[in-house]
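# Reading the structure
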Amino acid sequence: MPRIAVYPGSFDPITNGHLDIIRRSRGLFDLIIVAVNDNPSGDYLFRGEERVRMVKEILGDLSHIEVERFEGLLVDYARDKGAGFIIRGLRALSDFEYEFQMDLMNRRLNPHIETIYLMTNQEYSYLSSSIIKEMVRLGGSTSGLVPDSVREKLLKKMKG
Ligand code: PNS
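Residues numbered from 1 in each chain as written. Predicted model: local features only at pLDDT ≥ 70, side-chain atom pairs only at ≥ 80, totals over all residues. Heavy atoms only, no water.

Put simply, the test is: UniProt positions are given in the numbering used here, feature names are shortened, and annotations may be inferred rather than shown by experiment.
As recorded in an unreviewed UniProt entry, the chain goes by Phosphopantetheine adenylyltransferase and comes from Aerophobetes bacterium. According to the UniProt record, the Catalytic activity (unreviewed entry) comment for the chain reads "(R)-4'-phosphopantetheine + ATP + H(+) = 3'-dephospho-CoA + diphosphate". Its UniProt record gives the chain the following Sequence similarities (unreviewed entry) comment, quoted word for word: "Belongs to the bacterial CoaD family."

So, in structure tokens, the structure goes:
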């Protein structure tokens, strides 16, 4: 049976920290589905389709990777995709409580799906989509933190 994993997130926008987790997960699973969450009540800068397009453009046609938008419960989406695993990156201790809560809730909803955590690389440990948005808004450097195409899209979006 192929080992399928879902890597979920808002990816608003995707950062080099996310890309590092995807790259490192590739060797562990037969297929990784990068699942872009599009919750109707979510407060996103980029629309769901924009975020999916952005991730697809960056990943190109890497083998064993798919990118899709999803809404609703993550465990239901994973089950429908035949995925037995969820991948999450852990940056600092501060991520732990939120991830622990989600893990317990997801496990309660579907005990057959296991969440696998990868520790972030040190160079991305302070990185988040929110901090990138703030940097671009205020003119700070994002060199090495997001792909150039992401910075360009952020600048364009923020100019309105
Ligand atoms: O990029 P994020 O904000 O860390 O991603 C959070 C995400 C999308 C993984 C999480 O909010 C999620 O799984 N949303 C789908 C709704 C759901 O299943 N919630 C139950 C988990 S407690």
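### Topic: a nonpolar patch on the surface
What counts here: Nonpolar side chains (Val, Leu, Ile, Met, Phe, Trp, Tyr) are joined into patches within 5 Å and like charges within 9 Å, using only residues with over 30% relative accessible area and no salt bridge. Under the convention used here, a 1.4 Å probe and the Shrake-Rupley method define accessible areas, while residue burial counts only the protein chains that appear. By convention in these notes, a salt bridge is any Lys or Arg side-chain nitrogen within 4 Å of a carboxyl oxygen on Asp or Glu. Strands are runs of DSSP state E lasting at least two residues, helices are runs of H or I lasting at least four, and both sets are numbered from the N terminus onward.
Side chains of Leu93, Phe96, Phe100 and Leu104 sit close together on the surface and give an oily, nonpolar patch of about 460 Å² of accessible area. One can find Leu93 in helix 4 (residues 93-109).

### Thoughts on empty space enclosed by the protein
Any empty space left between the atoms is revealed when a probe the size of a water molecule rolls over them. Note the following rule: Points on a 1 Å grid, built from protein atoms alone, make a cavity when a 1.4 Å probe fits but cannot get out and make a pocket when they are open with protein on both sides within 12 Å along at least 5 of 7 lines; residues with an atom within 4 Å of a point are the lining residues. Grid points are joined across faces, edges and corners, and a volume is the space filled by probe spheres set on the points. Asp, Glu, Lys and Arg are counted as charged, while Ala, Val, Leu, Ile, Met, Phe, Trp, Tyr, Cys and Pro are counted as nonpolar; the rest, among them Gly, fall into the polar class.
Within this structure, the stated rule accounts for 1 cavity of 30 Å³ or more. In this structure, the largest cavity occupies an estimated 40 Å³ of space. Looking at the largest cavity, the residues that line it are Leu74, Ile86, Arg88, Glu99, Met102, Asp103, Asn106, Thr115 and Tyr117. Taken together, the elements giving at least two residues each to the lining of the largest cavity come down to strand 4 (85-90), helix 4 and strand 5 (114-119). Among the elements that line the lining of the largest cavity, the one with the most residues is helix 4, at 4 residues. Here the lining of the largest cavity is built from residues that sort into 4 nonpolar, 2 polar and 3 charged.

### Observations regarding the packing of helix 2 (residues 48-59) against helix 6 (residues 148-159)
This is how the line gets drawn: Here, axes are lines fitted to C-alpha atoms. For helices the fit covers the stretch in contact, and angles between N-to-C directions go from 0 to 180 degrees. Note on terminology: angles under 35 degrees are roughly parallel, angles over 145 are roughly antiparallel, angles of 65 to 115 are roughly perpendicular, and the others are oblique. Crossings are sorted by hand: turned counterclockwise from the far helix by less than a right angle, the near helix makes the crossing left-handed, and turned clockwise it makes it right-handed. Whether two residues are in contact is decided by their heavy atoms, any of which lying within 4.5 Å being enough.
Where helix 2 meets helix 6, the axes come as close as 10 Å, and the angle between the chain directions of the two elements is 155°. The orientation of helix 2 with respect to helix 6, classified from their angle, is roughly antiparallel. Between helix 2 and helix 6 lies a crossing of right-handed hand. The segment helix 2 lies against helix 6, with Glu50, Met54, Glu57 and Ile58 engaging Ser149, Val150, Lys153 and Lys157.

### As for unusual backbone geometry
Following Asp12, the chain continues to Pro13 via a peptide bond in cis, the omega torsion being 5°. Along the chain, the position of Pro13 falls in the loop between strand 1 (4-9) and helix 1 (16-26). Look at Phe11: it is not a glycine, yet its phi comes out positive at around 50°. As for its position among the elements, Phe11 is in the loop between strand 1 and helix 1.

### A closer look at the sheet that holds strand 5
Short version of the rule: Strands qualify as paired when DSSP identifies two bridges or more between them.
In spatial order, the strands read 3-2-1-4-5; together these 5 strands make up an open sheet with parallel pairing. The outermost strands of the open sheet, each flanked by one partner alone, are strand 3 (65-70) and strand 5. Looking at each pair of strands side by side, their axes are set apart by 30° on average, direction ignored. Of the pairings in the sheet, the one linking strand 2 (residues 31-37) to strand 3 comprises 6 bridges and is parallel in character. Residue pairing across strands places Ile32 opposite Ile65, the latter belonging to strand 3. Across the face of the sheet, helix 4 comes into contact with strand 4 and strand 5 while running at roughly 170° to strand 4.

### Remarks on helix 4
Which entries qualify depends on this criterion: What a helix is expected to span follows from its residue count: subtract one and scale by 1.5 Å. Throughout, exposure labels follow a simple rule: accessible area from a 1.4 Å probe, protein chains only, divided by the maximum for the residue type, with under 20% read as buried, over 50% as exposed, and the rest as partly exposed.
The first and last C-alpha atoms of helix 4 sit 25 Å apart over 17 residues, in line with the 24 Å expected at 1.5 Å per residue. For helix 4, the set of buried residues is Asp95, Glu99, Asp103 and Asn106. Residues of helix 4 that are buried make contact with helix 3 (74-80), strand 4 and strand 5.

### Points about the pattern of salt bridges
Summed over all chains, the structure comprises 17 salt bridges. For Asp38, the salt bridge is made with Arg51, and the minimal N-O distance between the two is 2.8 Å. Placement of Asp38 in the loop between strand 2 and helix 2 and of Arg51 in helix 2 is noted, with a sequence separation of 13 residues between them. Classification of Asp38 as buried rests on a relative accessible area of 13%. Arg51 sits in the buried class, given a relative accessible area of 0%. Between Glu49 and Arg47 there is a salt bridge, with its nearest N and O atoms 2.7 Å apart. Via salt bridges that share partners, Asp38, Arg51, Arg69 and Glu71 belong to a single interconnected network.

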